[in-house]
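Fold and geometry: a report
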Amino acid sequence: MLRRATTIYRRLRTLSVLGRCPRRHQSISAPERALQYAVGQRIHGFTITEVTAVPDLFLTAVKLTHDSTGAQYLHAARDDKNNLFSVQFRTTPMDSTGVPHILEHTVLCGSERFPCRDPFFKMLNRSLSTFMNAFTASDYTMYPFSTQNAKDFQNLLSVYLDAVFFPCLRELDFWQEGWRLENEDPQDPSSPLVFKGVVFNEMKGAFSDNERLYAQHLQNKLLPDHTYAVVSGGEPLAIPDLTWTQLREFHRTHYHPSNARFFTYGDLPLEQHLQQIHQEALVRFQRTQPDTAVPTQQLWTSPREDHVTCKPDAMAPDPTKQNTLCVSYLLGDITEVFEGFVLSLLSSLMISGPNSPFYRALIEPKIGSDFSSVVGYDGSTRQASFSIGLQGMSEADNERVKRIINDTIDDIIVKGFEEERIEALLHKIEIQMKHQSSSFGLSLASYVASCWNHDGDPVQLLKISECVSLFRQKLLENPRYLQDMVQHYFKDNPHRLTLSMAPEESYQQQQVQQEEAKLQAKIQQLSQSDRQHIYQKGLELLSAQNAEQDASCLPALKVSDIEPTIPHTPIQMGSAGGVPVQYCEQPTNGMVYFRALSNINTLPEDLKPYVPLFCSVVTRMGCGQLDYRQQSQQMELRTGGMSVTPQILPDSTDLDMYEQGVLLSSSCLERNLPEMFHLWSEIFNSPHFDDEERLRVLVMMSAQELANGISYSGHMYAMTRAARTLTPAADLQETLSGMDQVKFMKRVAESSDLTSVLRKLPRIKRHLLNPENMRCAVNATPQKLSAAAAETERFMGNIASTRKERKAVRPHVVQKPLAASGSSATRKLISEPNFQPCQMKTFYQLPFPVNFVSECVRTIPLTHPDYASLSILARLMTAKYLHGEIREKGGAYGGGARMGGGGVFSFYSYRDPNSMATLSAFRGGVDWARAGSFSQQDVDEAKLSVFSAVDAPVAPSDKGLGFFLSGVSDEMKQQHRERLFTVTHTNLVDAANRYLGLGQRTCGVAILGPDNDVISKDPSWVVK
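Residues numbered from 1 in each chain as written. Predicted model: local features only at pLDDT ≥ 70, side-chain atom pairs only at ≥ 80, totals over all residues. Heavy atoms only, no water.

**Concerning the confidence of the model for the protein chain**
In plain terms, the rule: Residue-level confidence of the predictor, termed pLDDT, takes values from 0 up to 100. Note on contacts: a residue pair qualifies if any of its non-hydrogen atoms lie within 4.5 Å across the two residues.
Looking at the protein chain as a whole, the pLDDT averages 94, with 97% of positions reaching at least 70. Every residue in residues 3–25 scores below 50 in pLDDT, and together they form 94 contacts with partners more than four places removed in sequence or on other chains.

What follows is the structure in structure tokens.
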């Protein structure tokens, strides 16, 4: 997978501490145990060089070096059973053939000890991993996995070590994953030769996204002297220049322990990891001197400007304003940890939220729809950068935007920043350190990767409190400290690039022509024997893809390794001001989490499409005595964020029943509980809906974000659309979050007068923010739960005046008790007994070179005995049939099947060069399942895969949330679990026949993609 550049500050947001988890060694905690190591101590071929307690993050960091190879190692010992391993290599390509990216794919296709094809994807079904993947960044490649099972950890470690250090790197795997010339129909030598390959198609899809294209150009042009001048993921037209020999040579020079950094995290003993890594891999190597370092970019003596083009965006909020302009400044070395910390804070002060100077200067005048796709501090390259600019603007405004950027920097140097804004930002960091995520190890690995990659100190990066203290000290010593940094890094910095991008009508056509020219140039060099060789190789690859795979060499857990029962999550039901409240005691590390679900049953139908817009603006337009700037400031000072999101919750027993509502979510430090509830009270009692200019800014940003998301989430949009005619909940889902919503927001953004929209917001508010329709949930520490309950009661008293009983719009409302234990809490579900599911095929023609394809089938609800069979069947079909047909043979980046909680069974593909062939593959998968063409081992592996998702770790903030939202109790989860265990081969064949067979099913189909001749001639398709 190609990793997009992300900033250190953004990654800091994911550094959320995972509290105290169950310990493997009850007598002594993992951090305490690690503190007993001594510098200089030798363990299994490694020598300890540093042992440091990091109390901020409840961990002990242990740094080691491998004696014979020099491999670097960092262990973060923490009481978290979701243990993680990662190995990363500094990969610094000097061309855009995508060699590190294609190598990342190819090493996972078989290795010395595990020579079967595609052990990586096979291990997804032979383990209980909570995460497995690989990433190619601009200058490193990382291979991480995590699991809560100790035996599983050892199994996955063996596979990962063998894959990266001793891969087969077979030519056929290079052809499949990278690129190949092949007959369009591999079995017909007279069919035309075309380019194929997974990475080739992935990168065509990636560069169909204008944001991604712009970000790539910006990095290439800002850092033009070395590896950052090329496309590490591969430029589609350069990928066919890569040879198999070059791939193997890149592996030889870059995938060596002397160029490796190992990272482990969690509560498993370090000694076991070191022994396994040394014995299974490192013992076979000697130290080398890898030539992979990235030299410092030669600084410019004067600023530069450049221009690039892109495809027009059919979904742009304003079709006449599709230009982007951004100024990017090269900053200091990311290994200077404190400097990077301050620059990332400075970046947030300059661009984040409506109080920031660049938001005021660039966003509020409505020159563009949003900040440019690359904005703020980026610490993913050896020298960091800061970028600021706009997208969705007119070319005529280019000079104006440049002038505003310069003037704003001058203004900051004169005025500086308000103390309250700095405090709000430091409060945000405090919250980020206290908030507990379920994937802390992965966040940690990503957070340290770039700095460590360039020989910075990863442990220093973790000492966040030290950075905060030093930052406060610097401000105390010099009140102009931040202004001086702005002067130095921005005003007086000649190494800055102004890059503009404009749409070109013929852009897509030019790309197609260039690819065709590249193809013809390759073909013209072929002799008749070359063509015959290509045909034979195509048959050979097809034969390998069709061959029965023997995966017996791979380690695997057994179904008996899965815990038979789920841990119980204790909850207490209460009420506040007549509103039901669910309380859940959790080790939240001094945080309180509040949610409220308010159903929208009384909302008139004509207002429903506006619900997502209402949700996105209601916390951002001001309330009570606060204008929107003051509201934003108070939210940052007192909370960890406040949001409102639409919710569609299918019933667990009936496909034609669902709950519709909005979810209010917020969190805060325990000391700020009264202030957080006061802010919610003001939003309920007196939200501001009177500023059309503010609304227009938010509408443009929202519409732009939706338009930009299609190329990354096209498969989700295809699935949502395909399901819309199958259940009432899916129909509403399309209205609120599908392509219908994208088009609706585009129309709103194009409207010259938003007063009619403005007038609708108070109407919506009366229905949505109504305590009569609400239930609440609070997660907090046992010590703070009573205080939280008292504040919730006070909050309900403060908003009592907004309570009003209103009649539901739909005639059939079913009340279901939320808890069996005598609580008054109920869920008011909409029932549509007369809903008639129907077949529909929809095609969205979009300017992409690849397709997103989905077919959805109406099946059964969650509590049906066969639901477990369909869940396992989806994983089985994905692993044993669809992956081979759609990805390996078809060249799509991804594809598979999934069983949804709403009773819709979905097939999908992602960045797919095919459309009709993929629909045939979906049907082929059903025939394969109905024929029972799979073994008991296959069934067991599918069960492991399903359980790895079912048993994924849940953060303390989210415990009890499934019950609160959907009424799915621990007992229901346990019943589903027991059904999963008992699913048999016969059950699966029966489920495939009963629910997916052609005569039995009602299905919907949707494709998002380029012009399609077959569809345009077929009247059964609805073309959008």
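What follows continues from the structure just given.
**Overview of helix α11 (residues 337–351)**
To keep it simple, the criterion reads: A run of H or I in DSSP becomes a helix once it reaches four residues, and a run of E becomes a strand once it reaches two; helices and strands are each numbered from the N terminus. Here, expected helix span is obtained from the residue count minus one, scaled by 1.5 Å. Only protein chains enter the accessibility calculation, which uses a 1.4 Å probe; a residue is then buried when its area is under 20% of its type maximum, exposed when over 50%, and partly exposed in between.
Between its first and last C-alpha, α11 extends 21 Å over 15 residues, near the 21 Å set by a 1.5 Å rise per residue. When you tally the buried positions in α11, you get 14 out of 15 residues, the bulk of the element. Where α11 terminates, the next one or two residues include Gly353, which has phi positive at roughly 80°.

**Comments concerning the pairing of strand β3 (residues 59–66)**
To keep it simple, the criterion reads: Strand pairing requires that DSSP identify at least two bridges connecting the strands.
Along β3, 7 of the 8 residues are buried, which leaves the element largely enclosed by surrounding structure. As paired elements, strand β2 (residues 46–54) and β3 share 8 bridges and run antiparallel to each other. Bridged to Ile48 within β3 is Leu64. Across 6 bridges, the pairing between β3 and strand β4 (residues 72–77) is antiparallel. For Lys63, the partnering residue across the bridge sits in β4 and is Leu74. Where β3 hands over to β4, the hairpin turn is made up of 5 residues, of which Gly70 adopts a positive phi near 80°.

**Considering the packing of aromatic side chains**
Applicable threshold: Two rings from Phe, Tyr or Trp (for Trp, the six-membered ring) form a pair when their centres sit within 6.5 Å of each other. Planes less than 30 degrees apart are called stacked, planes more than 60 degrees apart edge-to-face, and all others tilted. For a ring to carry a charge above it, either NZ of a lysine or CZ of an arginine must fall within 6 Å of the ring centroid while also lying within 35 degrees of the normal to the ring plane.
In this structure the tally under the stated criterion is 38 aromatic pairs. For the pair Phe848 and Phe852, a centre-to-centre distance of 6.0 Å together with 85° between the ring planes defines the contact as edge-to-face. With relative accessibility at 7%, the residue Phe848 sits in the buried group. Residue classification places Phe852 among the buried positions, given a relative accessible area of 2%. In this arrangement the basic side chain of Arg775 is found over the ring face of Phe964, its NZ or CZ atom lying 5.5 Å from the centre. Sitting above the plane of the Tyr712 ring, Arg911 keeps its charged end 5.0 Å from the centroid.

**What to know about empty space enclosed by the protein**
If a probe as big as a water molecule is rolled over the atoms, it shows which places are left empty. Rules: Residues are said to line a cavity or pocket when one of their atoms sits within 4 Å of a point; the points come from a 1 Å grid over protein atoms alone, cavities being sets where a 1.4 Å probe fits but cannot get out and pockets being open sets with protein on both sides within 12 Å along at least five of seven lines. Grid points are joined across faces, edges and corners, and a volume is the space filled by probe spheres set on the points. Any residue that is not Ala, Val, Leu, Ile, Met, Phe, Trp, Tyr, Cys, Pro, Asp, Glu, Lys or Arg is counted as polar, Gly included; the first ten are nonpolar and the last four charged.
Enumeration according to the criterion identifies 8 cavities of 30 Å³ or more in this entry. Size it by volume and the largest cavity reaches roughly 310 Å³. If you trace the largest cavity, you find 26 residues lining it, with Asn210, Asp313, Gln391, Gln704 and Asn708 closest to the centre. For the lining of the largest cavity, the secondary-structure elements that each account for two or more residues are α8 (210–222), β16 (383–393) and α24 (692–723). A total of 5 residues in the lining of the largest cavity trace back to one element, the largest contributor, which is α24. Split into classes, the residues belonging to the lining of the largest cavity amount to 11 nonpolar, 10 polar and 5 charged.

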